[in-house]
Each structure stands twice: as structure tokens, then as C-alpha cells.
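Given next are the chains, with one letter for each unit.
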Amino acid sequence: MRSPAEGAPSLVYLPQLASLAPECTIEGEEAHYLSRVVRARPGERVLATDGAGLRVTFEVIESRPDVRLRRLVVQQCLQTRSLTLAVGAPEGGRADWLIEKAAELGATGFTPLDCERGAWKDWRAERLERLAIAGLRQSLGCHRLLVDPPVRFADWIESQTEGVSRFEAAPDGVAVVAQPAPPSGPSIVAIGPSSGFSNPERKALLENGFKALAMAASRLRTETAGVAAAAWWAAADPSIG
């Protein structure tokens, strides 16, 4: 019977990857993932990343009782484009889905915004961290989604710097300009909470160079708009990792 590792490449997230010896033993959740979930066997190959651009192909030496790996190929993935989603609170637990799918699509940053019409409640940093890593595993990418703690909209808008392409997901499907091609450098897309940005917040976005970007002809939920924005950005470069 073939193991899952034979059918498709498997990836583990190892922040300490750069410091590992050519032959190494890994522990913890990633070791459990390889030995129990993927059921990797000796001789099979798996991928590992530190989430910051380094990707290594390993051969499995042993998977039980310890997971031992041998380094084969080292690759440094350059990142010329980046996407941060700055998102107001969606309804219920819909943030879980948004985080995982944004990570799969290669988004590199997620900033939760506490807005006038909605604030993030019951913030679960550890769970969202696990979902971001799950999305990285699925994508086989080299750069992981970094999730910030919630920040007040007013503080966030004041912190914006030059050199970043700025967009707002238009809540009514109407864009200021025709949908542009995704930029080649760093980008940020602001998405309102389930009740939308307030008029003063939308004014602040406009004054700070955010252009309305229509993700669909209809009104979308917060989490749907976030995934649509990540897909729009990712589609411009299928090699994103």
C-alpha cells in the first residue's frame, strides 16, 4: 500500500531549518505529521521550509520511533512580491477559513483591524498560527503567512508607509478604476468588517492612497473578499512560494 508521501510531496515547517545538520532528527508536531499523518517511509523524499524562503528536500532515513532525515537539495526562494491583507472582523468563526486559504494562496501578511463597526473578539493567536502553517503545508510554498495581533484602524492607517501598492476591496462591487493587474512589488488590500468600513474610515483610506478594487460584481462577505483578493494577487504569478 502506497503511503500519502508517495502520492504527493509533503512539506513540514521547521523555523530552525538553516541550523539543522545534513543528517538530523526532528521532533514535535512536524515529526508527528510526517510519521503519523503522512506516514512517510524510509527512502521517501519530503520538503521542509523555514517559512522565510529556505526550502530543503530531505530523504527519510527513519520515521519511527524517531524521524530522521538526510539533506539532499537546498533551495533559496526569492520573494519579489508580497501581499498583506488588512481585515476587519468577519462574522463568527469565519476568520479560520480566511487565514488558511490566504496562506494557501501565498499571502504573506495578515493584519486584523479593530474598526468602528466591528472589533476582533476572542482572539486565538495559537489556533490561527496553526492554520497559517496548515496553509503553508498545503501550498508547498517557501514563505509563510505572518499573522499580526489586532490593531485599531486609526493606529494602522497612520502607520502606512510609501512604496506599497494600496487597495480597498470595494464593498459594493464598484471600483474607482478598472481592476488593475496585481503589482510586482509589495501590496496591501484593506477589507472592512462584516458591517463594512465607516464613512470616516473609507475617507481615511482614500486620503492615504487606497484605490477601490472590485473583487466581484456583487457584495461579498468579509472572508470571501479576502480570499478573492489573495486569488487576484496570486494569479499574476503561479510560481509564488
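Just so it is clear, the model here is predicted, and its values are computed rather than measured.

Turning our eyes to something else, we now look at the pattern of salt bridges. In total, this model carries 13 salt bridges according to the counting rule given. Residue Glu129 pairs with Arg144 through a salt bridge whose shortest N-O separation is 2.7 Å. Pair noted here: Glu129 is in helix α4 (residues 125-139) and Arg144 is in the loop between α4 and β8 (146-147), with a separation of 15 residues, a long-range link. Exposure remark for Arg144: the relative accessible area of 7% places this residue in the buried category.

Let's shift gears to the packing of aromatic side chains. Applying the stated criterion across every chain, the model contains 6 aromatic pairs. With 5.6 Å between their ring centres and 50 degrees between their planes, Trp156 and Phe210 make a pair best called tilted. Remark: Phe210 occurs in the loop between α6 (199-207) and β12 (211-213) and Trp156 occurs in helix α5 (residues 153-158); sequence separation between them is 54 residues. Ring centres of Phe167 and Trp232 lie 5.3 Å apart, and the angle between their planes is 80 degrees; this geometry places the pair in the edge-to-face category. With Phe167 in strand β10 (residues 165-169) and Trp232 in helix α7 (residues 222-234), this pair connects stretches of sequence that are 65 residues apart.

Throughout the structure, instances matching the rule amount to 1 disulfide. Paired by a disulfide, Cys77 and Cys142 hold their sulfur atoms 2.2 Å apart. On the criterion of sequence distance, the pair formed by Cys77 in the loop between β5 (67-76) and β6 (82-88) and Cys142 in the loop between α4 and β8 is long-range, its members being 65 residues apart. Under the relative-accessibility criterion, Cys77 is labelled buried at 12%. Free cysteine Cys24: the closest other cysteine sulfur is in Cys142, separated by 17 Å.

Here helix α3 (residues 94-104) crosses α7 at 5 degrees, and the two axes come no closer than 9 Å. By the criterion of interaxial angle, the relationship of α3 to α7 is roughly parallel. From α3, Arg94, Trp97, Leu98, Lys101 and Ala102 reach across to α7, where they touch Glu223, Thr224, Gly226, Val227 and Ala230.

On to the sheet that holds strand β1 (residues 11-13). In spatial order, the strands read β1-β3-β4-β5-β2; together these 5 strands make up an open sheet with mixed pairing. Sheet topology places β1 and β2 (23-26) at the edges, where each strand pairs with a single neighbour. If you compare each strand with its neighbour and ignore which way they point, the axes differ by 40 degrees on average. One ladder, built from 4 bridges, connects β2 with β5; its direction is antiparallel. Of the residues in β5, the one forming a bridge with Thr25 is Arg68. Along the sheet, helix α2 (residues 28-37) makes contact with β1, β2, β3 (45-49) and β5, crossing β1 at roughly 165 degrees.

Definitions and cut-offs
- Starting afresh in each chain, residues are numbered from 1 along the sequence in its written order.
- Predicted model: local features are reported for residues with pLDDT of at least 70 only, side-chain atom pairs are reported and counted for 80 or more only, and whole-chain, interface and lining totals are derived from all residues.
- To get the side-chain values, all heavy atoms of the structure are used, and hydrogens and water are removed first.
- Whenever a carboxyl oxygen of Asp or Glu lies within 4 Å of a side-chain nitrogen of Lys or Arg, that contact is scored as a salt bridge.
- Going along the chain from the N terminus, every DSSP run of H or I of four or more residues is numbered as a helix, and every run of E of two or more is numbered as a strand.
- For the exposure calls, accessible area comes from a 1.4 Å probe over protein chains only, and a residue counts as buried if that area is under 20% of its type's maximum, exposed if over 50%, partly exposed in between.
- Only Phe, Tyr and Trp rings take part, Trp by its six-membered ring, and two of them pair if their centres are within 6.5 Å. Stacked means planes under 30 degrees apart, edge-to-face means over 60, and tilted covers everything else.
- Working definition: a disulfide is two cysteine sulfur atoms within 2.5 Å of each other.
- Whenever a helix is involved, its axis is fitted only over the stretch in contact; in every case the axis is a line through C-alpha atoms, and angles between N-to-C directions fall within 0 to 180 degrees.
- If an angle is under 35 degrees, it is roughly parallel; if it is over 145, roughly antiparallel; if it lies from 65 to 115, roughly perpendicular; otherwise it is oblique.
- Contacts were defined at the residue level, with two residues in contact if any of their heavy atoms lie within 4.5 Å.
- In short, DSSP must find at least two bridges between two strands for them to pair.

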